[in-house]
Amino acid sequence: MHIICKSQCGNRAALKRPKTGDALCKECFFAAFEAEIHHTISSSNLFRRGEKVAVAASGGKDSTVLAHVLKLLNERHNYGLELVLLSIDEGITGYRDDSLETVKQNRDDYQMPLKILSYEELYGWTMDRIVAQIGRSNNCTFCGVFRRQALDRGAKLLGVDSIATGHNADDIAETVLMNVLRGDTARLRRCTSIRTGGGEDTIPRVKPLKYSYEKEIVMYAHYKKLVYFSTECVFAPNAYRGHARAFLKDLEKVRPSVIMDIIYSGEQLRFKDTVKKPERGTCTRCGFVSSQQPCKACVLLEGLNRGLPKLGIGKKSKGERMIAKQNQELALRERANLVKNDF
Amino acid sequence: MGTPELKIILEFSAGAELLFGNIKRRELNLDGKQKWTIANLLKWMHANILTERPELFLQGDTVRPGILVLINDTDWELLGELDYELQPNDNVLFISTLHGG
Ligand SMILES: [Zn+2]
Ligand SMILES: [Zn+2]
Ligand SMILES: [Zn+2]
């Protein structure tokens, strides 16, 4: 009752591919999975010969598979890329310590240089200390904003031409759905792009796993015995994304192509010219890319350093009022001191 | 002669073990007089070893979408899923795809 591999190699099939429904043996699955990523890379001209590429490595399944496959394809097809691993240490005890061990394992297994940058050295704050300040409700805002910028800073430090991230097809379909549900047209516009950024001041981000299904990434890692780390961030996981993900997984049961269909819909959307495009400038304080002035990272950081951690969370006007109020209080206190010393 | 037993191995990975007392590998001796399908096995697991938040593992009569099931290292989708009949020394592995990236 064993099913034979669809490619007539004579082997027993090991898995059913979610994308095509084909039953393939391990070897034929590896070949198909790798060939599709190669096709994605070459058909969208993701890299150029001689470029230095940072793989954003978290120790999780996606970035582990990405590092493995990029190294393999770079050698097999002679891309001529210099690959490095770039990791961010948020300073979350128990979570990051273990996953960084996994990244170090990747470094040794794939013989790639590794750069670890910590929130501590970049911002003077670890996530543990931020959470101690603000509690657990808004911490993923900090985590996300700081991580996005930390990758840019790390990439600049390493002098790379692009940053490859492990976003897979399921992730992108979720993001399309979330942006539709939130009416976030600015993000909806760019969330399906395989390459983002790349203006004068920004280092482009690329997503070589854009069309790779999560199930295949996990099966690939399992059959190849790749070591990865798999614990959710210990702080509040993103509940909204969780709902989008569960919804998509349910839909996939009745319509297996739904992931690709949603990505396709996202890619084909056209926006009216009246839809606001975010202006991409650079932050006057830190010099990194931002559509706001100052950038979100700088606002959050100012809040932490002023002891007003909620500063960057709500509306901008509210934050400005909070700063004005604190400045006023400080001024009053200073005046009181002056009066005292006025004798 | 004792009662017949059906010996199988259960394994959990990528976070699925967190719902089962954080134990990654278990050897089970099931009652060998009855027929065991994956559907029965899931019911047994729910009643006996699923200690943590069952809704994260089960949905209705089956596993929650996003949890992969491999029987002797083969995708259960090729083996009849819930209807697969367990054989002596089978290895059933549950991998979560829902944890971390
Ligand atoms: Zn084959
Ligand atoms: Zn977080
Ligand atoms: Zn800034």
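All values derive from a computational prediction rather than experimental measurement. (Residues numbered from 1 in each chain as written. Chains lettered and ligands numbered in written order. Predicted model: local features only at pLDDT ≥ 70, side-chain atom pairs only at ≥ 80, totals over all residues. Heavy atoms only, no water.)

A.B. asks: Looking at this structure, I do not really get the packing of helix α1 (residues 26-43) of chain A against helix α9 (residues 214-223) of chain A. What am I missing?
C.D. replies: Each pair of packed helices can be described by the angle between their axes along with the distance between the axes. All names here are of chain A. Contact geometry of α1 with α9 gives a least axis separation of 11 Å together with a crossing angle of 125°. Comparing the axis directions of α1 and α9 gives the class oblique. Crossing of α1 over α9 shows left-handed handedness. Every residue of α9 that contacts α1 at Lys26, Phe29, Phe30, Phe33 and Glu34 is listed here: Glu216, Ile217, Met219, Tyr220 and Tyr223. A breakdown of the residues in the contact of α1 with α9 according to their chemical character gives seven nonpolar, no polar and three charged. (Axes fitted to C-alpha atoms, helices over the stretch in contact; angles between N-to-C directions. Helix = DSSP H or I, 4+ residues; strand = E, 2+ residues; numbered from the N terminus. Parallel < 35°, antiparallel > 145°, perpendicular 65-115°, else oblique. Left-handed = near helix turned anticlockwise from the far one by under 90°. Contact = heavy atoms within 4.5 Å. Nonpolar A, V, L, I, M, F, W, Y, C, P; charged D, E, K, R; others polar.)

A.B. asks: Help me understand helix α7 (residues 169-182) of chain A in this model?
C.D. replies: Within an α-helix, residues lying three or four positions from one another point in the same direction, as the helix has 3.6 residues per turn. All names here are of chain A. Helix length check: α7 (14 residues) gives 20 Å between terminal C-alpha atoms against 20 Å at 1.5 Å per residue, within 8%. When you tally the buried positions in α7, you get 11 out of 14 residues, the bulk of the element. For α7, the full list of buried residues reads Ala169, Asp170, Asp171, Ile172, Ala173, Glu174, Thr175, Val176, Leu177, Met178 and Asn179. Measuring from the backbone nitrogen of aspartate 170 back to the side-chain oxygen at the start of α7 gives 3.0 Å, which picks out asparagine 168 as the cap. (Expected span 1.5 Å × (residues − 1). Buried < 20%, exposed > 50% of the residue type's maximum accessible area, 1.4 Å probe, protein only. Polar contact = N/O pair within 3.5 Å; in protein donor to acceptor, adjacent residues only side chain to side chain.)

A.B. asks: Any chance you could explain the packing of aromatic side chains here in plain terms?
C.D. replies: Any two aromatic rings considered together are summarised by their centre-to-centre distance and by the angle between their planes. Residues and elements named next belong to chain A. A complete count under the given rule lists 12 aromatic pairs over all chains for this structure. With 5.7 Å between their ring centres and 85° between their planes, tyrosine 119 and phenylalanine 146 make a pair best called edge-to-face. Taken together, the positions of tyrosine 119 in helix α4 (residues 119-123) and phenylalanine 146 in helix α6 (residues 139-158) put the pair 27 residues apart, joining distant regions of the chain. Under the relative-accessibility criterion, phenylalanine 146 is labelled buried at 0%. Members of the aromatic cluster, each reached through a chain of ring pairs, are Phe29, Phe30, Phe33 and Tyr220. Note that lysine 156 overlies the ring of phenylalanine 288, its terminal NZ or CZ placed 5.2 Å from the centroid. (Phe/Tyr/Trp six-rings, centres within 6.5 Å; stacked < 30°, edge-to-face > 60°. Lys NZ or Arg CZ within 6 Å of the ring centre and 35° of its normal.)

A.B. asks: Mind showing me how you'd approach unusual backbone geometry here?
C.D. replies: For residues besides glycine, phi is generally negative; the peptide bonds are generally trans as well. Residues and elements named next belong to chain A. Look at the link from glutamine 293 to proline 294: it is a cis peptide, with omega at -10°. The residue proline 294 is located in the loop between β10 (289-290) and α12 (296-306) in this model. For asparagine 78, which is not a glycine, the phi torsion comes out positive at approximately 50°. With respect to the helices and strands, asparagine 78 occurs in the loop between α2 (61-76) and β4 (82-89). One non-glycine residue, glutamine 111, adopts positive backbone phi at about 50°. Within the secondary structure, glutamine 111 is located in the loop between α3 (95-110) and β5 (114-118). Assessed through its relative accessible area of 65%, glutamine 111 is described here as exposed.

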